[in-house]
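This is what each chain is made of:
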Amino acid sequence: MDSDGHFKFDNSYARELEGLYVPWKGAIAPAPAVLWHNAELAAELSLGAVDFGSFEAASILSGSRSPDGASPLAQAYAGHQFGGFSPQLGDGRALLVGEILDRNGQRRDIHLKGSGRTPFSRGGDGKAALGPVLREVLIAEAMHALSIPTTRALAAVATGEDIARDGIQPGAVLARVAASHIRVGTFQFFAARGEHEKLRKLADYAIARHMPELTARDNPYLALLTAVIDRQAALIAKWMGVGFVHGVMNTDNMTISGETIDYGPCAFIDAYDPGAVFSSIDHGGRYAFNNQPAILQWNLARFAETLLDLIAPGDHDAAVRLATEEINLVPEKFHACWLAEMRGKFGLVTAADDDETLIAGILGWLAAGRVDYTGFFRTLTDAVSVGEPPWFEHWQARLGEGADRTAAARLMQQRNPIYIPRNHKVEEALRAAVQQNDLAPFRQLLDLVTHPYEQVPGMEEFEGPAPEGSAPCVTYCGT
Ligand code: AMP
Ligand code: MG
């Protein structure tokens, strides 16, 4: 939407990838109203002049009305869910409205989640409930503020409709923005069907859109694999740095762009617990906190499999060898990214050989004492004494003196947030929104987690974990 209320669309996915999606329209919302919108992101998208309070904006952002220039569509994708392959998932409750070029010339998808049934809905109702929509706003925007690549939240729109979820819940649509919504599962959909031409078109499109510099490579498809490995390794390392558990790292929830996507049963850890699981359905701990790097490699191997015919046409053995070499590098690449994240958290401006020993020792100590992860690093950052655990002297010596110490303090202030979306605070905010129609706690929490490094006097209750004795956090899929 420009000042006349119009998006300036340029819909490359619809134009270039016919056969990879179904043209579709959103359901009519009975009484759409924008409950929250992201003014900063809107400005970035040149939507600064839009009146988000208007019926027109609410109609467009709920999917009720298709704006001029849009080519709304449901994308086809497959995916491994908890290790089992589902050949047909796709946008079952979402619409890609279209793409726009943002103020920096970057192509961004305008995407709606909860906009009604599509040909991919299977048994689902195509809808989303208000609580999970606001939850995605909080977590996605907190992730962005923590410098973690993510889809962004543009608006939360009430539909005015009641939907059936654990009783009756207010329905809502999330308008979100991403560099693209191409997933590992998008490649799997066409690979599984043996649709080689479509797969090649998708790969060429993904390269042109996300890594145009690879087009000129000898083997652009192998380079695509490497680029996705690099982005995803860096991404998961950042998750581990802030204590984020995605909760449903299925291959349909892993992007080619390297952005975090689909905030369902995700949560930030309070107490440091390598085995932390929040999702009510993750009984085996497949997507537990410390298992995320292993799943990263597993998912990337599934991605590599889809590219084999492109990597070395007609020479399967060579393709497998080349792809395997790349996949074997994943742990090493992840580890390098992770070490860099952890060094930042500890204020280590330079690298030393025994940093790993130091970090492993401290994490072991945190796990044994079930110490609050975010709070611990902020305590270190504020240089408050934490007693004298065995690693403390080693760490102090590594920091150095004088200017080194100042640099360390600065680095730590930038890497160790004060405010993350603590589970109990998220739940509190969503309860007020859904049960009392009161968005004030949601707005307050959003304001804190989107300025995670700026301490606000009087907001101490947002800094720590849930009070002792609180019920453990359980999160749910398919909400
Ligand atoms: P998610 O768990 O949100 O990543 O979704 C996994 C798959 O289930 C995707 O294909 C979604 O489109 C689909 N899905 C989730 N919820 C619904 C729903 N309420 N109606 C239809 N499809 C859904
Ligand atoms: Mg998903």
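Note that this is a predicted model, so its numbers are computed, not measured. (Residues numbered from 1 in each chain as written. Chains lettered and ligands numbered in written order. Predicted model: local features only at pLDDT ≥ 70, side-chain atom pairs only at ≥ 80, totals over all residues. Heavy atoms only, no water.)

Draft legend 1. View of the overall build of the protein chain. The number of helices and strands found in the protein chain is 16 helices and 12 strands. Along the first, second and third principal axes, the C-alpha atoms of the protein chain reach 60 × 60 × 40 Å. Taking all 479 residues of the protein chain together, the buried fraction comes to 57%. In the protein chain, the share of contacts with a sequence separation of at least 24, taken over all contacts with a separation of at least 6, comes to 72%. Total accessible area on the protein chain is roughly 19100 Å²; 52% of this is exposed by carbon and sulfur atoms. Computing the positive centroid from 41 side-chain charges and the negative centroid from 59, the protein chain places the two 4 Å apart. (Helix = DSSP H or I, 4+ residues; strand = E, 2+ residues; numbered from the N terminus. Buried < 20%, exposed > 50% of the residue type's maximum accessible area, 1.4 Å probe, protein only. Contact = heavy atoms within 4.5 Å. Areas by Shrake-Rupley, 256 points an atom, 1.4 Å probe, with all protein chains shown as cover. Lys, Arg positive; Asp, Glu negative; His and termini not counted. Charge placed at Lys NZ, Arg CZ, Asp CG, Glu CD.)

Draft legend 2. Local environment of the environment of Val449. As for its placement among the helices and strands, Val449 is situated in helix H16 (residues 440-449). By relative accessible area, which is 1% here, Val449 ends up buried. C-alpha separation for the pair Val449 and Pro421, spaced 28 residues apart in sequence, amounts to 6.2 Å. Here Val449 is in contact with Leu138, Ala142, Ala145, Tyr419, Ile420 and Pro421, once residues within four sequence places are set aside.

Draft legend 3. Geometry of the pattern of salt bridges. Under the definition given, this model contains 31 salt bridges. Asp262 is the partner of Arg183 in a salt bridge, and the nearest nitrogen-oxygen pair spans 3.5 Å. Taken together, the residues span a long stretch of sequence, with Arg183 in the loop between strand S10 (168-178) and helix H5 (184-192) and Asp262 in the loop between strand S11 (244-245) and strand S12 (267-268) at a distance of 79 residues. We classify Arg183 as buried; its relative accessible area is 1%. By relative accessible area, which is 13% here, Asp262 ends up buried. (Salt bridge = Lys/Arg side-chain N within 4 Å of Asp/Glu carboxyl O.)

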